[in-house]
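Remarks on the overall topology
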Amino acid sequence: MEFWLKFNNEEETLQLPVNPAEITVNSPFGFEDVSVSNFGEYTVIGNNQLRSYTISSFFPRDHNESFCAYSNLPEPWSAARQIERWQKSGKPVRFVVTGSAGIDIPATIRNFTFGERGGEPGDVYYALEMKEYVFIGASRKFGDVAKKSPEVRIAAMRPSTKETPSSYAVKSGDSLWKIAARVYGNGDDWRKIYDKNRTVIGANPNLLQPGQKLVIPSVGKN
């Protein structure tokens, strides 16, 4: 098993010299408890949310074949500062774990702490928390929806003759691409809806929740 961090389309790569003892994976799912008058409380089941990964290990000063994954070790402080630089760049890294774990995902570095411990001069210990990253792009993310759904593809190609509604209530299985195709006749106009409803939808336009009420801007308006 190998642990890798890769940056900027693999222009820079770093194999962790000492494999972490464990990987903590947090895989949340969106639930919302709603209280309705005369009916009590019920739960709205939402969509899968992005996973987070936490690992900890150290960069050793000296090679030890009993726990080091390779012999040509990076300088511990330089390796730690390299990860810190990637974190501060504002760009995602790719987190790869070979073998049975089978992890190969883009991720943002959410928290990175590192430093030396007493009695072990030169070794730099660290804890690293990452979260899955979704690249936003209509042609890549939402184009697949049109390929799988002939109805959506036809709606995207055919101009709509219906008056644009002023609002829309999100239904289970909806995406911004589908909604734009339905109300505008063109799924590629999904960003108009997202820009108007950022405070409702949040930072990730892929995470819609059934029941959300979206304002639908007229064509040509923000």
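Going by an unreviewed UniProt entry, the protein chain carries the name LysM peptidoglycan-binding domain-containing protein and comes from Cohnella silvisoli.

1. A few points about the pattern of salt bridges
For the structure on display, the rule yields eight salt bridges. For Glu10, the salt bridge goes to Lys6, with nearest N and O atoms at 3.9 Å. By relative accessible area, Lys6 is classed as buried at 19%. In this structure, Glu84 and Lys88 form a salt bridge, with 3.8 Å as the shortest nitrogen-oxygen distance. Taken together, the residues span about one helical turn, with Glu84 and Lys88 both in helix α1 (residues 76-88) at a distance of four residues. With relative accessibility at 65%, the residue Lys88 sits in the exposed group.

2. So, the pairing of strand β8 (residues 103-115)
Alignment of strand β7 (residues 93-97) against β8, held across five bridges, turns out to be antiparallel. For Val97, the partnering residue across the bridge sits in β8 and is Ile103. Bridge analysis of β8 against strand β9 (residues 124-132) gives eight bridges, and the strand direction is antiparallel. Residue Ala107 lies in a different strand from β9, and its bridge partner there is Glu132.

3. Here we look at helix α4 (residues 176-184)
Burial analysis of α4 places seven of its nine residues in the buried class, the great majority of the element. Those residues of α4 that sit buried are Leu176, Trp177, Ile179, Ala180, Ala181, Val183 and Tyr184.

4. Some words on the packing of aromatic side chains
Applying the stated rule across the entire model yields nine aromatic pairs. Between Phe112 and Tyr126, the aromatic rings sit 6.2 Å apart at their centres with planes inclined by 50 degrees, giving tilted as the arrangement. Of this pair, Phe112 sits in strand β8 while Tyr126 is found in strand β9, placing the two residues 14 residues apart along the sequence. For Phe112, a relative accessible area of 9% gives the class buried. Overall, Tyr126 belongs to the buried group, its relative accessible area being 4%. It is Lys6 that lies over the ring of Trp4; its NZ or CZ is 5.6 Å from the centre.

5. Observations concerning the nonpolar core
Within the largest apolar cluster, 24 residues are counted, with the highest numbers of intra-cluster contacts made by Leu5, Phe59, Ile83, Phe95, Ile109, Leu128 and Met130. Listed by contribution, the elements that provide at least two residues to this core are β1 (3-7), β6 (52-59), α1, β7, β8 and β9. When neighbours within four sequence positions are excluded, Ile83 is seen to be in contact with Leu5, Leu14, Phe59, Ile109, Phe112 and Leu128. Formed by 16 residues, the second largest nonpolar core is a distinct cluster that contains Leu176, Ala181, Ile193 and Tyr194.

6. Examining unusual backbone geometry
With a phi angle near 55 degrees, Asn8 is a residue other than glycine that sits in the positive phi range. Examined against the element boundaries, Asn8 turns out to sit in the loop between β1 and β2 (12-15).

7. Notes on α1
For α1, built from 13 residues, the straight-helix expectation of 18 Å at 1.5 Å per residue is met to within 8% by its first-to-last C-alpha distance of 19 Å. For α1, the set of buried residues is Pro76, Ala79, Ala80, Gln82, Ile83 and Trp86. The arc that holds the buried residues of α1, viewed along the axis, is 155 degrees, so those residues lie on one side. Packing partners of the buried residues in α1 comprise β1, β2, β6, β7, β8 and β9. Where α1 begins, one side-chain oxygen reaches toward the backbone nitrogen of Trp77, 3.1 Å away; that side chain belongs to Glu75. Within two residues after α1, Gly90 carries a phi angle of roughly 80 degrees, on the positive side.

8. Digging into the side chain of Lys6
You can see Lys6 is positioned in strand β1. Setting aside residues no more than four positions away along its own chain, Lys6 makes contact with Glu12, Thr13, Val93, Arg94 and Val96.

Definitions and limits used
- Residues numbered from 1 in each chain as written.
- Predicted model: local features only at pLDDT ≥ 70, side-chain atom pairs only at ≥ 80, totals over all residues.
- Heavy atoms only, no water.
- Salt bridge = Lys/Arg side-chain N within 4 Å of Asp/Glu carboxyl O.
- Buried < 20%, exposed > 50% of the residue type's maximum accessible area, 1.4 Å probe, protein only.
- Helix = DSSP H or I, 4+ residues; strand = E, 2+ residues; numbered from the N terminus.
- Pairing = 2+ DSSP bridges.
- Phe/Tyr/Trp six-rings, centres within 6.5 Å; stacked < 30°, edge-to-face > 60°.
- Lys NZ or Arg CZ within 6 Å of the ring centre and 35° of its normal.
- Core = buried A, V, L, I, M, F, W, Y, C linked by side-chain atoms within 4.5 Å.
- Contact = heavy atoms within 4.5 Å.
- Expected span 1.5 Å × (residues − 1).
- Arc of directions from axis to C-beta.
- Polar contact = N/O pair within 3.5 Å; in protein donor to acceptor, adjacent residues only side chain to side chain.

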